[in-house]
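Reading the structure
What follows is each chain in one-letter form.
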Amino acid sequence: MIPMDFSYWRTETAEEAVAVYQQLADDGQHPVYYAGGTEVVTRARLGALTPGAVIDVKAIPEARRLGRDGGCWHVGAALSLADLIHDGAWPLLARVAERVADHTTRSHITLGGNLAGTIAYREAALPFWLADADVATVGPHGRRTARFRDRFDGTLALDPGELVVSLSVPDGVRQQPSYAQKATRLDYVDYPLVTIAALRGAEGQVHVALSGLKPEPFRSAALDAALIGSGSSADRAGRAARHLPATLVEDLHGTADYRRFVAQTVLADALTALEGP
Ligand SMILES: Cc1cc2nc3c(=O)[nH]c(=O)nc-3n(C[C@H](O)[C@H](O)[C@H](O)COP(=O)(O)OP(=O)(O)OC[C@H]3O[C@@H](n4cnc5c(N)ncnc54)[C@H](O)[C@@H]3O)c2cc1C
């Protein structure tokens, strides 16, 4: 329940949603897009968000798209993580998504909400960050398709009122060997100490993206480069760990040093899984 009065707008196209957003923003209504609603409701109940209007984007057909076309797999931003797990067309995405929140919440959290929301970790971004994925948006300046990695650096760079419509991934990427692991402190369902997604590229090199170390997901070309070369998985993971961020999240789940240790362990696990010991 959102404990305040607000107006509710259900939109049928992305352009309509953006136009309604702009009109409401101009009227001082502080609108927000409403997808799964898990974050909007949680933050509104805490008093951290006071929208005068919510714009429901779940009925926009292109934001519910799911399937192949033109050599790519397309996935709508308004689909829930549970939809993506059930579909299973991209095993890496399904494995990462199935560890986000609990079963009930995953049925509500949408891909677009996970990528564009303000709550930490954004684990569903990891596979797209590793792949040659594109992100399609509609904003005040019209439609735009861009490389996901050109618009995502831990947070998705969106203009005010810009709506994420869909993402697409080349068919070949979904067949590449991949690995995912979420390390939590105690409970299977929890925020991550470290989540890793790893993809072995056509040239054989392993690329990784990590969540849990900072509020935003992390990846680094220097870390990827340190994973190449001679030595055991553990040796290379140790070298790569030197390229982790200097400051890591420190909370009830784990200290920064513990997170660094866990990150090094999951890096070694990923290399072993994708290359052998
Ligand atoms: C109980 C709980 C557990 C969680 N556990 C995890 C976890 O384990 N791992 C993790 O990574 N995250 C976790 N989250 C965070 C969650 O993934 C985000 O809060 C996400 O925003 C929720 O998606 P939603 O569809 O419900 O978003 P909503 O609440 O509908 O929207 C959230 C924000 O995103 C914006 N938005 C939504 N869709 C779009 C779009 N298509 N384009 C542009 N902006 C959009 C909205 O305007 C709003 O500002 C958890 C959240 C909750 C509430």
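1. Focus on the site of the ligand
- If you check the shell around the ligand, you find 30 residues, and the closest are Gly-36, Glu-39, Gly-112, Gly-113 and Gly-117.
- Looking at the shell around the ligand residue by residue, the class counts come to 16 nonpolar, eleven polar and three charged.
- Two domains share the shell around the ligand, each providing at least three of its residues, namely domain 1 (7–56) and domain 2 (61–173).

2. So, the pairing of strand β7 (residues 142–147)
- Across the six residues of β7, zero count as buried, placing the element largely on the outside.
- Here six bridges tie strand β6 (residues 134–139) to β7, and the two strands are oriented antiparallel to one another. Within β7, the position partnered with Thr-137 by the bridge is Arg-144.

3. Notes on unusual backbone geometry
- Its identity as a non-glycine residue notwithstanding, His-30 has a phi of 50 degrees, on the positive side.
- Among the structural elements, His-30 can be located in the loop between α1 (14–26) and β2 (31–34).

4. Remarks on the sheet that holds strand β10 (residues 194–200)
- In spatial order, the strands read β9-β10-β11; together these three strands make up an open sheet with antiparallel pairing. Edge strands, defined here as strands with exactly one partner in the open sheet, are β9 (178–183) and β11 (206–211). On average, adjacent strands in this sheet sit at an angle of 10 degrees to one another, irrespective of strand direction.
- Pairing of β9 with β10, which is carried by six bridges, proceeds in the antiparallel orientation.

5. Points about the domain arrangement of the protein chain
- According to the domain assignment, the protein chain consists of domain 1 (7–56), domain 2 (61–173) and domain 3 (176–275).
- For domain 2 and domain 3, the distance between their C-alpha centres works out to 21 Å.
- Each partner contributes to the interface: domain 2 provides 20 residues, whereas domain 3 provides 19 residues.
- Considering every element that reaches the side of domain 2 that touches domain 3, the biggest residue donor is helix α7 (residues 125–130), with five residues.
- Residue composition of the side of domain 2 that touches domain 3, grouped by class: twelve nonpolar, three polar and five charged.

6. Focus on the environment of Thr-42
- Looking at the element boundaries, Thr-42 is found in helix α2 (residues 38–45).
- Residues Thr-42 and Ile-2 lie 40 residues apart in sequence; the distance between their C-alpha atoms is 8.3 Å.

Rules of the game
- Residues numbered from 1 in each chain as written.
- Predicted model: local features only at pLDDT ≥ 70, side-chain atom pairs only at ≥ 80, totals over all residues.
- Near = placed C-beta within 6 Å.
- Nonpolar A, V, L, I, M, F, W, Y, C, P; charged D, E, K, R; others polar.
- Domains from an automatic or database assignment.
- Buried ≥ 20, exposed ≤ 12 C-beta atoms within 10 Å, placed from the backbone.
- Helix = DSSP H or I, 4+ residues; strand = E, 2+ residues; numbered from the N terminus.
- Pairing = 2+ DSSP bridges.
- Axes fitted to C-alpha atoms, helices over the stretch in contact; angles between N-to-C directions.
- Contact = placed C-beta atoms within 7 Å.

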